[in-house]
Protein chains: 2
Amino acid sequence: MEQIVKDFQELLDEIRMYRQMMSIASFDANTVAPKASIAQRAKRNGFFSKKVFEMGTGERMKGLLEALAPHKDKLDDIVAAQYRLAKKSYDQNTLMPAELVKEYNELIAKGNQAWEKAREDNDFEYFAPFLEQIVAKTKEMVGHRNTENKPIYDMLLDDYEEGMTMEIYDEFFAKLRATIVPLLKQIVDSGKQFDNSFMHSHVPTEIQKSQAEFIAKKIGYDLDRGYITHTTHPFCSGSHRTDVRITTRYDENDFASSFYSILHECGHAIYEQSMGDDIADTNLSRGVSMGIHESQSRFYENCIGRSREFWQYITEELKGYLPQDFANITPEQFYMAANVAKPSLIRVEADELTYSLHIMIRYEIERMLFNSEVEVKDLPALWNKKYEEYLGITPPTDALGVLQDIHWSWGYFGYFPTYALGSAYAAQFLAYIREEMDVDALIAKGDFAAITKWLNEKIHTHGSKFTPEQLMEKMNGEQLNADYYCDYLQNKFKSVYGLS
Amino acid sequence: MEQIVKDFQELLDEIRMYRQMMSIASFDANTVAPKASIAQRAKRNGFFSKKVFEMGTGERMKGLLEALAPHKDKLDDIVAAQYRLAKKSYDQNTLMPAELVKEYNELIAKGNQAWEKAREDNDFEYFAPFLEQIVAKTKEMVGHRNTENKPIYDMLLDDYEEGMTMEIYDEFFAKLRATIVPLLKQIVDSGKQFDNSFMHSHVPTEIQKSQAEFIAKKIGYDLDRGYITHTTHPFCSGSHRTDVRITTRYDENDFASSFYSILHECGHAIYEQSMGDDIADTNLSRGVSMGIHESQSRFYENCIGRSREFWQYITEELKGYLPQDFANITPEQFYMAANVAKPSLIRVEADELTYSLHIMIRYEIERMLFNSEVEVKDLPALWNKKYEEYLGITPPTDALGVLQDIHWSWGYFGYFPTYALGSAYAAQFLAYIREEMDVDALIAKGDFAAITKWLNEKIHTHGSKFTPEQLMEKMNGEQLNADYYCDYLQNKFKSVYGLS
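Just so it is clear, the model here is predicted, and its values are computed rather than measured. (Residues numbered from 1 in each chain as written. Chains lettered and ligands numbered in written order. Predicted model: local features only at pLDDT ≥ 70, side-chain atom pairs only at ≥ 80, totals over all residues. Heavy atoms only, no water.)

Examining the overall build of chain A
In terms of regular secondary structure, chain A is built from 20 helices and 3 strands. A compact globule built from 500 residues should have a C-alpha radius of gyration of about 23 Å, and chain A, at 23 Å, falls within 12% of that. Reported as C-alpha extents along the three principal axes, the dimensions of chain A are approximately 70 × 50 × 50 Å. When each of the 500 residues of chain A is scored for burial, the buried share is 56%. Restricting to contacts in chain A with at least 6 residues of sequence separation, those with at least 24 account for 73%. For chain A, the accessible surface area stands at approximately 21200 Å², while carbon and sulfur atoms represent 49% of it. (Helix = DSSP H or I, 4+ residues; strand = E, 2+ residues; numbered from the N terminus. Rg over C-alpha atoms; globule rule 2.2 N^0.38 Å. Buried < 20%, exposed > 50% of the residue type's maximum accessible area, 1.4 Å probe, protein only. Contact = heavy atoms within 4.5 Å. Areas by Shrake-Rupley, 256 points an atom, 1.4 Å probe, with all protein chains shown as cover.)

Structure (structure tokens):
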């Protein structure tokens, strides 16, 4: 038995070495690789992806999983988690016929191109037949691994966030809808607007770079085990807790863009840098789920970074970097500017209050699509109706509406809701931390150590050792509860907008 | 048979994918990887090196080489070259007992640390016992694969430059000695010195970066398939002809340092970017040998970059970048400053004329060591005697003498001479090109296309399809001939120093 576990972990270690290497290559591709090397990079990526796939589904893995199966309840925490994840991945990858997977991948490649063209031409009809096929093929594929005869959309939700179902999300979004929609209406009706034009004063990239490094360090990101650079789309890329990089995007007329993307990516990075000793050198050294991972980025970006206390602390520090234009701006002015809430069309540009409404609309539409309650051809009208209903605005074109996101063309159904989970979990964790320490006073002093330590101990150090459900259970005996998030949004935005 | 060739090439392709990946990871490690990730990088590197070693020496390779052996004279050019290289590497790696290789690698790790400490403390005696063991172990290792009972040092010379022997190098260095030693003495005796202090005027790094990009493009380096960044030690790193990166080092008080390192690395890079269609996607897409590779860097750095005609062209261009301090410097002043020749102690800082003397000293000492004509303990005295004899100066300390290079602590014996080969081949190629076109006129116009095209066709495009000997035979029916290099140095430095 000892030998089986040893062999099993050795195979997982090999897979991990490949994944680390691919992570480095992907970072390279996204930052410095010459553009003309794209074909060679794709070839190499295909080669190594296939290797990893084969290692995870081949005879060696099959034999080890079968040998471990009878003992799975007697394994220690770590091996048990490794078994669970390897088995889940093995099943996902082997229950679907290889020919179908190949057809699906070809369809996705074409569908993605079609989406690009459709968005450019504002021509949903061009994309529609591809989307229909992607939905149909996804249903077919998932059907093959649906051994427990669940609703297909539940399977997809679980793929992106273990344990999630329509039942849970329905309740979750119902609470959000009941809170955010009237709150937003109240804000719009109040007619209040702040002058935040000062946020668009010119700040040279070089200064923003120094500022980014200062903020990253201050918030707890370890640069000896990290690296900051810039890309069109900011991201965090970790291959091991000693090597977790982040990127940002510098806009000389909008310093807040890189300021907040640094805080966001630092949240992801601190998670990856804080894997515990027991799992750091295993395949469990990664975030427990997309939702919890996103909660860490939202926590640093929003719960800390958009709080009044944070601006009370950081304003003076930033003035050491920012040009003279900002000399007379008060912490309160920065705080208000960072919390403007208003209905908008584009998800990625949405503010903290309205962001989850954009997600909710996508969830509701996906849910209908997979339950055959709507046809693809009717999506633009449905999309626009929901924007009108929840945000009070109607997209003037499909390019600014139903065609704005790349995700569906990639076949990513069930992915969007995890973005909203992130914000909700962040608010829930903030409430827990508040029970143990004076969060506001710490933030106002720029002292984030105790807060980060809490997150380290309750979340980061465990990596993927537990399921999200187990992790929440251990933390406070409570599962996801949207009330925390609703309260957080109510309190904050009523205060910002002076509403009762 | 067709199937065997197909399987063989498939295995080579797999090895190549791994090597490309390791090249990307190595570039990453040398440029942006966080310092604290060193242990994880070493682990990953060890894992993949072992994979590549196993693929090149395992049962699969063994079977294919055995199956191909009876047909080796009937293989086409490309497969024949692939067979030759794979067989050579297979033999090198399998004829030595694995236990001995392991002992050797452990010794090298310790020897390298000992060298670092010895150089820091100027304490050759501390390093001596390690060096003795490294030499002894090298002899033992090479002995195992010395199936033709050659002199050990000939085996080593051939390892770094296929086809080279002491006989060839002896004649080569004899010519260099007979030319350079008296020429240098003549220069020193003339007492002539130029004021080149203007070369140390301040040039901001940002300006040097723009200048580097301009020069690289101008000389023929394709930035769509390349990337320039900075490291402590400049290098060129290519994984495929569509992805060849270079690095340089910026010294704000010595712009010529990055200027010439860019030209040097561009020489390597243009070689790697110019692999022919027939070999670009095979393991033959790399330089034919170290000496020929170095000839390309020396060609662009010295034969072009330190020529009078180049400065006639480039001076005006550079003035678009350089600060006002350089406004009145003439092309002739730049040219003279770029060609100061004087005896010095440190190889890596030596000028074009004296560089090969540093190499010759190392060659002569290695030759004696491996022929048991000198003992390690006597190396400092021997080193100093040779510096006095050839360069007329004596190192004041061993740190500035026999301990200056890292190579011997790595067990790199037979490597140094390839550096001198590079310069000699470059001069030889220049002479060939001169027979076909008016090189001086082209350089003076800044028109390098025809020159590069010649190198492309005669050298670059073939990659490793031929042996160095075959390549030279095809080029002009002539092998390495030091006369070209000696004439080049005579003509140039007599002109620079106005000697008869």
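Continuing now.
What about the sheet that holds strand E2 (residues 236–240) of chain A?
Residue and element names in this part refer to chain A. Spatially, 3 strands are ordered E1-E3-E2 in an open sheet, and the strand pairing comes out mixed. Edge positions in the sheet fall to strand E1 (226–230) and E2, since each has one partner strand and no second. Across this sheet, the average inter-strand angle for adjacent strands is 15 degrees, counted without regard to direction. The sheet strands contacting helix H1 (residues 2–31) are E1, E2 and strand E3 (243–248), and the helix crosses E2 at an angle near 150 degrees. (Pairing = 2+ DSSP bridges. Axes fitted to C-alpha atoms, helices over the stretch in contact; angles between N-to-C directions.)

Things to note about the pattern of salt bridges
Considering all chains together, one arrives at 66 salt bridges over all chains under this definition. Between B:Arg245 and A:Asp28 there is a salt bridge, with its nearest N and O atoms 2.7 Å apart. Here the residue B:Arg245 occupies a position in strand E3 (residues 243–248), and A:Asp28 occupies one in helix H1, the pair thus bridging two chains. Of the two residues, B:Arg245 and A:Asp28, neither departs from the other in class, the shared state being buried. Among the ionic contacts, a cluster of salt bridges with common partners joins A:Glu14, A:Arg60 and B:Lys51. (Salt bridge = Lys/Arg side-chain N within 4 Å of Asp/Glu carboxyl O.)

Looking at the relation of the copies chain A and chain B
Superposition of chain A onto chain B requires a rotation of 180 degrees combined with a translation of 0.0 Å along the rotation axis, giving an RMSD of 0.0 Å. Read as a symmetry element, the transformation amounts to a two-fold axis. Most of the interface of chain A is mirrored in chain B: 100% of its interface residues are interface residues there too. (Least-squares fit on C-alpha atoms with pLDDT ≥ 70 in both.)

As for the interface of chain A and chain B
Chain A puts 33 residues into the contact, and the matching count from chain B is 33 residues. Between chain A and chain B lies a buried interface of about 3100 Å² when both sides are counted; carbon and sulfur atoms form 63% of it. The largest per-residue losses of area from chain A upon contact with chain B belong to A:Met17, A:Met21 and A:Arg44, which jointly make up 21% of the total buried on that side. If you look at where chain A meets chain B, you find 6 salt bridges. For the salt bridge of A:Glu14 with B:Lys51, the shortest nitrogen-to-oxygen distance reads 3.8 Å. Taken together, the connections running from chain A to chain B amount to 11 residue pairs in polar contact (both at pLDDT 80 or more). (Buried area = accessible area lost by both parts, 1.4 Å probe. Polar contact = N/O pair within 3.5 Å; in protein donor to acceptor, adjacent residues only side chain to side chain.)

Concerning the nonpolar core
In this structure, B:Phe172, B:Phe259, B:Phe299, B:Trp311, B:Leu379 and B:Phe429 are the most contacted members of the largest nonpolar core, which totals 143 residues. In terms of residue count, the dominant contributor to this core is helix H16 (residues 417–436) of chain B (11 residues). With sequence-adjacent residues up to four places away left out, B:Phe172 is seen in contact with B:Ala420, B:Leu421, B:Ala424, B:Leu480 and B:Ala482. A:Tyr250, A:Tyr432, A:Leu471 and A:Met472 belong to the second largest nonpolar core, which has 141 residues in total. (Core = buried A, V, L, I, M, F, W, Y, C linked by side-chain atoms within 4.5 Å.)

Overview of the packing of helix H1 (residues 2–31) of chain B against helix H3 (residues 59–68) of chain B
Residue and element names in this part refer to chain B. Packing of H1 against H3 leaves a shortest axis separation of 10 Å and a crossing angle of 140 degrees. As far as their axial angle goes, H3 and H1 are oblique. The two elements H1 and H3 meet at a crossing, and its hand is left-handed. Contact with H1, carried on its side by Ile 4, Val 5, Asp 7, Phe 8, Glu 10, Leu 11, Leu 12, Glu 14 and Ile 15, involves Arg 60, Met 61, Leu 64, Leu 65, Ala 67 and Leu 68 of H3 and no other residues of that element. Of the residues assigned to the contact of H1 with H3, the class counts are 11 nonpolar, no polar and 4 charged. (Parallel < 35°, antiparallel > 145°, perpendicular 65-115°, else oblique. Left-handed = near helix turned anticlockwise from the far one by under 90°. Nonpolar A, V, L, I, M, F, W, Y, C, P; charged D, E, K, R; others polar.)

Overview of the pairing of E3(B)
All names here are of chain B. Counting buried positions along E3 gives 6 out of 6 residues, so the element sits mostly inside the fold. Of the two faces of E3, the one lined by Asp 243, Arg 245 and Thr 247 and the one lined by Val 244, Ile 246 and Thr 248 are each fully buried. Of the strand pairs in this sheet, strand E1 (residues 226–230) and E3 are connected by 5 bridges, and their pairing is parallel. By the bridge assignment for E3, Tyr 227 is matched with Arg 245. A loop of 2 residues connects strand E2 (residues 236–240) with E3, the two strands running antiparallel in sequence.

Observations regarding the sheet that holds E3(B)
Residues and elements named next belong to chain B. Spatially, E1-E3-E2 is the arrangement adopted by the 3 strands of the open sheet, whose pairing is mixed. Since the sheet does not close on itself, it has two edges, and those belong to E1 and E2, each with one partner. Across the sheet, the mean angle from the axis of one strand to that of its neighbour is 15 degrees, orientation sign disregarded. One ladder, built from 4 bridges, connects E2 with E3; its direction is antiparallel. When the sheet's bridge partners are listed, Cys 236 is paired in E3 with Ile 246.

A closer look at the packing of aromatic side chains
Applying the stated criterion to the full structure yields 88 aromatic pairs over all chains. The interplanar angle of 15 degrees and the centroid separation of 5.8 Å between the aromatic rings of A:Tyr425 and A:Phe429 together place this pair among those described as stacked. Placement of both A:Tyr425 and A:Phe429 in helix H16 (residues 417–436) is noted, with a separation of 4 residues, approximately one turn of the helix. On the basis of relative accessible area, A:Tyr425 is assigned to the buried category, the value being 4%. Taking the ring centre of B:Phe27 as reference, the NZ or CZ of B:Arg245 above it sits at 4.7 Å. (Phe/Tyr/Trp six-rings, centres within 6.5 Å; stacked < 30°, edge-to-face > 60°. Lys NZ or Arg CZ within 6 Å of the ring centre and 35° of its normal.)

Notes on the packing of helix H7 (residues 152–160) of chain B against helix H14 (residues 355–370) of chain B
Residues and elements named next belong to chain B. Running from N to C, H7 and H14 point in directions that differ by 135 degrees, and their axes come no closer than 9 Å. As far as their axial angle goes, H14 and H7 are oblique. Of H14, the residues touching H7 (which contributes Ile 152, Tyr 153, Leu 156 and Leu 157) are Tyr 363, Glu 366, Arg 367 and Phe 370. Per-class residue counts for the contact of H7 with H14 are 6 nonpolar, no polar and 2 charged.

Quick notes on the environment of B:Phe299
All names here are of chain B. Examined against the element boundaries, Phe 299 turns out to sit in helix H11 (residues 290–304). As a C-alpha pair, Phe 299 and Leu 263 span 36 residues in sequence and 9.0 Å in three-dimensional space. What Phe 299 contacts, discounting residues up to four positions off in sequence, is Ile 304, Ala 426, Leu 430, Ile 433, Ile 451 and Leu 455.

With respect to the side chain of A:Thr282
Residue and element names in this part refer to chain A. Turning to its location among the elements, Thr 282 is positioned in the loop between helix H10 (255–273) and helix H11 (290–304). Given the relative accessible area of 11%, Thr 282 is considered buried. Among the polar contacts listed, one links the side chain of Thr 282 to the backbone oxygen of Ile 279, at a separation of 2.9 Å.

Examining the environment of A:Ala81
Residues and elements named next belong to chain A. Mapped onto the elements of the fold, Ala 81 is located in helix H4 (residues 77–94). On the accessibility criterion, Ala 81 (2% relative accessible area) is buried. Counting along the chain gives 350 residues from Ala 81 to Ala 431, while the straight-line C-alpha distance between them is 29 Å. Each residue touching Ala 81, except ones within four places of it in the same chain, is listed here: Leu 284, Ser 464 and Lys 465.

Here we look at unusual backbone geometry
All names here are of chain A. Backbone geometry places Ser 372, a non-glycine residue, at a positive phi of 55 degrees. Mapped onto the elements of the fold, Ser 372 is located in the loop between helix H14 (355–370) and helix H15 (379–391). For Ser 372, a relative accessible area of 56% corresponds to the exposed category.

Concerning the state of the cysteines
Formally, a disulfide is one covalent bond, and it connects the sulfur atom of one cysteine to the sulfur atom of another. Inspection of every chain in the model, using the stated rule, returns 0 disulfides over all chains. Cysteine A:Cys303 is unpaired, with the sulfur of A:Cys486 as its nearest cysteine sulfur at 13 Å. A relative accessible area of 7% means that A:Cys303 is categorised as buried. Of all cysteine sulfurs in the structure, the one in B:Cys266 sits closest to B:Cys236, which takes part in no disulfide; the separation is 8.6 Å. (Disulfide = S-S within 2.5 Å.)

Some thoughts on the confidence of the model for chain A
Here chain A averages 96 in pLDDT, while 100% of its residues score no lower than 70. Taken together, the chains of this predicted complex give a pTM of 0.93 and an interface ipTM of 0.92. (pLDDT = per-residue confidence, 0-100.)

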